[in-house]
Amino acid sequence: MVKIEKSWQNLLKDEFQKPYFLSLIKTVRAEYAKHKVYPPGKEIFRAFDLCPTDDVSVVILGQDPYHQPGQANGLAFSVRHDVQNPPSLQNILQEVRDDIGSTQIEDGDLTPWAKQGVLLLNATLTVRDSEAGSHSDIGWQKFTDAVITKLSRHKRHIVYMLWGNYAKSKEKLIDPDNNLILKSAHPSPLAANRGGWFGNHHFSRTNRYLLVAGKKPIVW
């Protein structure tokens, strides 16, 4: 059985029995046995463990974990306390400061967001050391597509932040009538410097939507 928070276990139990997922888990175990893989095995489903289904107010979709030593902690765009913030994360936090006026994040660890109901979901949940995208074709994306689809079907008034073309491709999985979809350029320097990231006001727009929906705003 997959070790994952109980509400997610209930929502995804059918998915865990499908042939592709059983093959995926077999492949992941072999990868961890043969290679250096991130994040640590116990943190693969950390985004879910910190954010039960009933708590989800926001979904921020990343692509795959950071692939350098000590960075990945199981949350999209987040790093450990003692690691320098990657450029994309620097730009995210700068937009928060510009939009909201301040941020509670003192380093690059976004755990406080996750604990408030922000599902920081990577489309691919594992990666080999120094090999970006190395696990993008082993089945994770089919699983995380199912996560988004099931969440959209079963939960209303969630804000989905889709940053960059890859994340925007997941829009078709989301019910636009009962949720808010926010789209912008990716926060990576190459994309952000071309325009479309800074000034997107996703964080204040999210909080306004949550308040209208009768939910707690996020302390970014």
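In what follows, the accompanying structure is described.

## Considerations on the overall build of the chain
- Counting secondary structure elements, the chain contains 9 helices and 6 strands.
- In terms of C-alpha radius of gyration, the chain reaches 17 Å, essentially the compact-globule figure of 17 Å for 220 residues.
- In terms of overall dimensions, the chain has C-alpha extents of about 45 × 35 × 25 Å along its principal axes.
- Looking at the chain as a whole, 53% of its 220 residues qualify as buried.
- Put simply, 64% of the contacts in the chain that link residues at least 6 apart link residues at least 24 apart.

## Considerations on helix H2 (residues 19–34)
- The terminal C-alpha atoms of H2 lie 23 Å apart, and with 16 residues this matches the ideal 22 Å at 1.5 Å per residue to within 8%.
- Within H2, the full set of buried residues consists of Tyr20, Phe21, Leu24, Ile25, Val28 and Glu31. Viewed end-on, H2 has its buried residues packed into an arc of 135°, placing them on one side of the element. Of the exposed residues in H2, the ones pointing more than 90 degrees away from its buried face are Pro19, Lys26, Arg29, Ala33 and Lys34.

## Examining the side chain of Glu95
- Here Glu95 shows up in helix H4 (residues 87–100).
- The side chain of Glu95 sits in the buried core without any salt bridge; Arg205 is the nearest counter-charge, 8.7 Å away.
- Within the local environment of Glu95, its side chain forms a polar contact with the backbone nitrogen of His201, the two atoms lying 3.1 Å apart.
- In this structure Glu95 touches Trp197, Phe198, Gly199, Asn200, His201 and Phe203, once residues within four positions along its chain are discounted.

## Here's the deal with the nonpolar core
- Trp113 and Phe143 are the most contacted members of the largest nonpolar core, which totals 64 residues.
- Trp113 has contacts with Ile60, Ile92, Leu93, Val96, Gln104, Ile105, Val118, Leu120, Phe203, Val219 and Trp220, leaving out every residue within four places of it along the chain.

## With respect to the side chain of Asn179
- Mapped onto the secondary structure, Asn179 falls in the loop between helix H7 (164–168) and strand E6 (180–184).
- Here the side chain of Asn179 touches His157 through a polar contact of 3.4 Å, landing on its backbone nitrogen.
- From its side chain, Asn179 meets the backbone oxygen of Asp175 in a polar contact 2.9 Å long.
- The contact partners of Asn179, leaving out residues within four places of it in the chain, are Ser152, Lys155, Arg156, His157, Ile158, Tyr160, Ile174 and Tyr209.

## Observations concerning the packing of helix H1 (residues 6–16) against helix H6 (residues 140–154)
- Packing of H1 against H6 leaves a shortest axis separation of 11 Å and a crossing angle of 130°. Taken together, the axis directions place H1 and H6 in an arrangement best described as oblique. The chirality of how H1 crosses H6 is right-handed. Here Trp8, Leu11, Leu12, Glu15 and Phe16 of H1 lie close against H6, whose contacting residues are Phe143, Ala146, Val147, Lys150, Leu151 and His154.
- For the contact of H1 with H6, the class distribution of residues is 8 nonpolar, 1 polar and 2 charged.

Conventions used here
Residues numbered from 1 in each chain as written. Predicted model: local features only at pLDDT ≥ 70, side-chain atom pairs only at ≥ 80, totals over all residues. Heavy atoms only, no water. Helix = DSSP H or I, 4+ residues; strand = E, 2+ residues; numbered from the N terminus. Rg over C-alpha atoms; globule rule 2.2 N^0.38 Å. Buried < 20%, exposed > 50% of the residue type's maximum accessible area, 1.4 Å probe, protein only. Contact = heavy atoms within 4.5 Å. Expected span 1.5 Å × (residues − 1). Arc of directions from axis to C-beta. Lys, Arg positive; Asp, Glu negative; His and termini not counted. Salt bridge = Lys/Arg side-chain N within 4 Å of Asp/Glu carboxyl O. Polar contact = N/O pair within 3.5 Å; in protein donor to acceptor, adjacent residues only side chain to side chain. Core = buried A, V, L, I, M, F, W, Y, C linked by side-chain atoms within 4.5 Å. Axes fitted to C-alpha atoms, helices over the stretch in contact; angles between N-to-C directions. Parallel < 35°, antiparallel > 145°, perpendicular 65-115°, else oblique. Left-handed = near helix turned anticlockwise from the far one by under 90°. Nonpolar A, V, L, I, M, F, W, Y, C, P; charged D, E, K, R; others polar.

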